[in-house]
Amino acid sequence: MAEIGYTNVALQFWYVFVALAFGLLSIILFNAITFFYFVKRQPIDPVRLFTDFENQVDEEELVEKEEKYVETNFGGSPTYDREETEESLNENNFDLSQFRMDALEAHNDYRAKHNSPPLQYSEDLSQYAQYWAENLAKVNKLVHSPPEWRVKFNGEPLGENVVLTNGFKLEGKGMSDMWYAESYKHNYQELQKDTKSFSQMIWANTRKVGFGRAKSDDGRWYGCAHYYPEGNIIGLFRNNVFPLQQL
C-alpha cells in the first residue's frame, strides 16, 4: 500500500517533473546559442602588428576580411576635412606636434642605421594619418585602410603602418620602436608578413611621412603613419631594405 501511495503522490505532482525537465532543456539550449553567437560568430579582429601569422588565414583572405570589416564599420569612402580634423586635434592632442617630431626623429635614426635617406615631414600626410587614427579609435579596432581607400598622393598610393597600445600613452619614439622591433625577425630577402611595418619604415625609396594619433573611449591609443612613395613592393626589397650597418 505504501508503494501505491508514493506512486499516487508522484502522479499528482507530474507537472513539477515536467517543469524541471523543461528548465534543464532551456539551460542547455541557452548555453548552445550563447556559444554559437559569441564564439563561433565573433567578429574578425584583423590585427596586423605583432601577430602570429602562422595561426592566421592566408594573406588574401585576411585582406578581404579587413576590407569587409572596414566597409561595414566606416561606410563609404573617407573624406578629409582639414578644419574639422585640426579642431579635433586642438581639443584632444595638445602635444601632437611633439609626438610627430619625435616619431620623425626616431624614424630617421633607424633609417640611418640601414643606410636609408632621411624622411621629410609632410603635413598633408599627417592629416591623412590623423583621420585614420581617429576612425580606428571610434570603432576601437586595429585595421589597415583598404588600398582603394588610401589617399592618392601625387598620383601614387601611400604606404601605411598602424599600431595599438593598451594602458599607456602612445609616444612618437615608442611607436617607432614597436615597428622597428620587427627587424629582429626580418631576413632581408623578400616580403615577410610579420615584418612589413619595419620594412616600410626603412624603405629606402620612401621620401615623405606623416603621423597621427588618437585615443579611444576606453583609453586605448591608436597610431598611424602614412608614407610616400609606398614601400613593401615585391621584387624591390633588396634595393630598398638593407641590413643593419656595422658602425
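Note that this is a predicted model, so its numbers are computed, not measured.

J.: I'm lost on the packing of aromatic side chains in this one. Help?
T.: Pairs of aromatic rings are described using the distance from one ring centre to the other and the angle between the two planes. Considering all chains together, one arrives at 5 aromatic pairs under this definition. With a centroid separation of 3.9 Å and an interplanar angle of 10 degrees, the aromatic rings of Tyr-110 and Tyr-180 are classed as stacked. One end of the pair, Tyr-110, is in helix α5 (residues 96-113); the other, Tyr-180, is in helix α7 (residues 172-180), with 70 residues separating them in the sequence. Centre to centre, the rings of Tyr-188 and Phe-198 are 6.1 Å apart; their planes meet at 90 degrees, and the pair counts as edge-to-face. Taken as a pair, Tyr-188 in the loop between α7 and α8 (196-201) and Phe-198 in helix α8 lie far apart in primary sequence, 10 residues in all. Residue Phe-198 is classed as buried on the basis of its relative accessible area, which comes to 0%. An aromatic cluster is defined as three or more aromatic residues linked by ring pairs; in this entry it consists of Tyr-110, Tyr-180, Tyr-184, Tyr-188 and Phe-198. The aromatic ring of Phe-99 is capped on one face by Arg-213, whose charged end is 4.5 Å from the ring centroid.

J.: Looking at this structure, how should I read the sheet that holds strand β3 (residues 208-215)?
T.: Think of a sheet as strands paired side by side through backbone hydrogen bonds, with each pair either parallel or antiparallel. Judged by pairing direction, the sheet is mixed, and its 4 strands sit side by side in the order β1-β3-β4-β2 without closing on themselves. In the strand order of this sheet, the two ends are held by β1 (120-121) and β2 (159-165), each with one partner. The pairing of β2 with strand β4 (residues 221-228) spans 7 bridges and is classified as antiparallel. Among the inter-strand pairings, Val-162 is bridged to a residue of β4, identified as Cys-224. On top of the sheet, α5 reaches β1, β3 and β4; it is set at about 135 degrees to β3, its chief contact. Lying over the sheet, α7 contacts β2, β3 and β4, oriented at roughly 110 degrees with respect to β2.

J.: Could you clarify how one ought to interpret the packing of α5 against α7 in this entry?
T.: At their nearest, the axes of α5 and α7 sit 7 Å apart, and the two run at 35 degrees to each other. Pair α5 / α7 crosses with right-handed handedness. In this structure, α5 uses Phe-99, Asp-102, Ala-103, Ala-106, His-107 and Tyr-110 to contact α7, whose residues at the interface are Gly-172, Lys-173, Met-175, Ser-176, Asp-177, Trp-179 and Tyr-180. Classifying every residue of the contact of α5 with α7 by side-chain character gives 7 nonpolar, 3 polar and 3 charged.

Conventions used here
- Residues numbered from 1 in each chain as written.
- Predicted model: local features only at pLDDT ≥ 70, side-chain atom pairs only at ≥ 80, totals over all residues.
- Heavy atoms only, no water.
- Phe/Tyr/Trp six-rings, centres within 6.5 Å; stacked < 30°, edge-to-face > 60°.
- Helix = DSSP H or I, 4+ residues; strand = E, 2+ residues; numbered from the N terminus.
- Buried < 20%, exposed > 50% of the residue type's maximum accessible area, 1.4 Å probe, protein only.
- Lys NZ or Arg CZ within 6 Å of the ring centre and 35° of its normal.
- Pairing = 2+ DSSP bridges.
- Contact = heavy atoms within 4.5 Å.
- Axes fitted to C-alpha atoms, helices over the stretch in contact; angles between N-to-C directions.
- Left-handed = near helix turned anticlockwise from the far one by under 90°.
- Nonpolar A, V, L, I, M, F, W, Y, C, P; charged D, E, K, R; others polar.

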